[in-house]
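The chain contents come next:
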Amino acid sequence: MIEDPNDFVGTHLLSLVQGFTLSTQHFYAFYLLSHGVIKAFLVVGLLRNKLWAYPASLIVLGLFIVYQLYRFSYTHGFGLIVLTVFDVFVMGLIWHEYRLVRRHLPSE
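Participant: An account of the overall build of the protein chain is needed here, citing residue identities and associated values.
Facilitator: Of regular secondary structure, the protein chain possesses four helices and zero strands. Written out in order from the N terminus, the α and β elements of the protein chain read α-α-α-α. Taking 13 Å as the expected radius of gyration for a compact globule of 108 residues, we find that the protein chain reaches 18 Å, considerably beyond that expectation. C-alpha extents for the protein chain along the principal axes are approximately 65 × 35 × 20 Å. Burial status across the protein chain gives 22% buried among its 108 residues.

Here is the structure:
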């Protein structure tokens, strides 16, 4: 904002954030931090090809999506929809990878 006070994106984001109450700011900070920490833990499991991480990731993301849609029903926050669409996309990728991994497991 110092370099370009007329920046379209910057001015709109600033006006959006200034409308948040302190409790809203705390909620978003806590939610996004916990969302990130949980996803990071699951990503480590996925990168190490741990079979438990695939269904766990799908369940956790599904729970996040349910909560985000519940929260959206009260707040109508556009950010929740963006986050939900992203989570659905990631779930699709995880499901696809899980099917490939299971297909290539040695038969017992």
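Next comes the rest of the write-up.
Participant: Explain the nonpolar core to me, and be specific about the residues and the numbers.
Facilitator: Core analysis: the largest hydrophobic core is formed by eight residues, namely L46, A53, Y54, L58, L61, I94, Y98 and V101. Elements represented by at least two residues in this core include exactly α3 (53–75) and α4 (78–103). It is α3 that contributes the most residues to this core, four residues altogether. When residues no more than four places from it in sequence are discounted, the contact partners of I94 are L46, Y54, S57, L58 and L61.

Participant: Quick one: what's the story with a nonpolar patch on the surface, residue by residue and with numbers?
Facilitator: Taken together, the side chains of F8, V9, L13, L16 and V17 present a nonpolar region at the surface, about 500 Å² in accessible area. Mapped onto the secondary structure, F8 falls in helix α1 (residues 8–18).

Participant: Explain the packing of α3 against α4 residue by residue, including any values.
Facilitator: To characterise two packed helices, one gives the angle between the axes of the helices and the distance between these axes. Running from N to C, α3 and α4 point in directions that differ by 165°, and their axes come no closer than 9 Å. In this view, α3 runs roughly antiparallel relative to α4, as classed from their interaxial angle. α3 and α4 meet at a crossing whose hand is left-handed. Its residues assigned to classes, the contact of α3 with α4 comprises 18 nonpolar, five polar and three charged.

Participant: Describe in detail α4, supporting the description with residues and values.
Facilitator: For α4, spanning 26 residues, the distance from its first C-alpha to its last is 38 Å, which sits close to the expected 38 Å at 1.5 Å a residue. Along α4, the residues that are buried comprise L80, L83, T84, D87, I94, Y98 and V101. Buried positions along α4 lie against α2 (22–47) and α3.

Participant: Provide a residue-level description of the side chain of T84, including the pertinent values.
Facilitator: Inspection of the secondary structure puts T84 in helix α4. Judged by its relative accessible area of 7%, T84 is buried. When near neighbours in sequence (up to four residues on either side) are disregarded, T84 contacts I65, Q68 and L69.

Participant: Requested: an account of α3, with residues and values cited.
Facilitator: For an α-helix the count is 3.6 residues per turn, leaving residues at separations of three or four pointing the same way. Here α3 spans 32 Å end to end across 23 residues, near enough to the 33 Å set by a 1.5 Å rise per residue. Those residues of α3 that fall on the buried side of the exposure criterion are A53, Y54, S57, L58, L61, G62, F64, I65 and Q68. Considering only its buried residues, α3 is in contact with α2 and α4. Positive phi appears at H76, one or two residues downstream of α3, with a value of about 55°.

Quick notes on the rules
- Residues numbered from 1 in each chain as written.
- Predicted model: local features only at pLDDT ≥ 70, side-chain atom pairs only at ≥ 80, totals over all residues.
- Heavy atoms only, no water.
- Helix = DSSP H or I, 4+ residues; strand = E, 2+ residues; numbered from the N terminus.
- Rg over C-alpha atoms; globule rule 2.2 N^0.38 Å.
- Buried < 20%, exposed > 50% of the residue type's maximum accessible area, 1.4 Å probe, protein only.
- Core = buried A, V, L, I, M, F, W, Y, C linked by side-chain atoms within 4.5 Å.
- Contact = heavy atoms within 4.5 Å.
- Patch = residues over 30% accessible without salt bridge, like charges linked within 9 Å, V, L, I, M, F, W, Y side chains within 5 Å.
- Areas by Shrake-Rupley, 256 points an atom, 1.4 Å probe, with all protein chains shown as cover.
- Salt bridge = Lys/Arg side-chain N within 4 Å of Asp/Glu carboxyl O.
- Axes fitted to C-alpha atoms, helices over the stretch in contact; angles between N-to-C directions.
- Parallel < 35°, antiparallel > 145°, perpendicular 65-115°, else oblique.
- Left-handed = near helix turned anticlockwise from the far one by under 90°.
- Nonpolar A, V, L, I, M, F, W, Y, C, P; charged D, E, K, R; others polar.
- Expected span 1.5 Å × (residues − 1).

Honestly, it's all geometry; don't read function into it.
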